[in-house]
Amino acid sequence: METAERFRAAVEKRDFSVLDELFADDIRFYSPVKFTPFEGKPMVLGLFGVLLRVFDDLRYIGHFEGVAETSADGSEAPSVILPFRATVDGKQIHAIDMLQFDETGRVKEFTVMVRPQSAVHALSQAVLAGLVADGLVPAPAPEGS
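The structure reproduced in this document is the subject of the present report. Just so it is clear, the structure is predicted and the values come from calculations on it, not from any experiment. (Residues numbered from 1 in each chain as written. Predicted model: local features only at pLDDT ≥ 70, side-chain atom pairs only at ≥ 80, totals over all residues. Heavy atoms only, no water.)

## What about the nonpolar core?
Right, so step 1: By size, the foremost hydrophobic cluster in this structure holds 41 residues, and its most contacted members are Phe-7, Phe-23, Phe-29, Phe-55, Ile-93 and Phe-110.
Right, so step 2: By residue number, the principal contributor to this core is helix 3 (residues 41-54), which donates eight residues.
Right, so step 3: Those residues in contact with Phe-110, other than ones at most four positions away along the chain, are Phe-7, Ile-27, Arg-28, Phe-29, Tyr-30, Phe-48, Asp-97, Met-98 and Leu-99. (Core = buried A, V, L, I, M, F, W, Y, C linked by side-chain atoms within 4.5 Å. Buried < 20%, exposed > 50% of the residue type's maximum accessible area, 1.4 Å probe, protein only. Helix = DSSP H or I, 4+ residues; strand = E, 2+ residues; numbered from the N terminus. Contact = heavy atoms within 4.5 Å.)

## Brief notes about the packing of aromatic side chains
Right, so step 1: If you walk through the whole model with that rule in mind, you get ten aromatic pairs.
Right, so step 2: Both rings, one in Phe-29 and one in Phe-110, keep their centres 5.2 Å apart while their planes meet at 15°; by these two values the pair is stacked. Separated by 81 residues along the polypeptide, Phe-29 in strand 1 (residues 23-30) and Phe-110 in strand 7 (residues 107-115) bring together distant segments of the chain. As far as the burial class goes, Phe-29 and Phe-110 line up, both buried. (Phe/Tyr/Trp six-rings, centres within 6.5 Å; stacked < 30°, edge-to-face > 60°.)

Right, here's the structure in full:
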């Protein structure tokens, strides 16, 4: 799918500007570290700004196409899975990006799965710090307050 190839190239080149035209306005991003999705293009673009800073040595290592049920409404949508490797805070991660497309070919759902658990923890901490620094989410309350 052309959108997936354009996405992959944009991420590998760290060309954030291309992502705006590839994402649907009502995109939902399912993170490995948050139970509820990030919703809407402004929030997801902000999240990608953080992710592109957090991942070191990100490289895609495969490409699988098919159809899968979406999380939002259970409908089937064209889907692409892009396995990748990266480093976060010195930890090697293995992960996949699953992109699901709307009728115009834009990404309407984006799911990330990461392993191992220590990498998920490192990713969670790094992304939260970036989201807080960028003003996208409030700082967590100190423990015990």
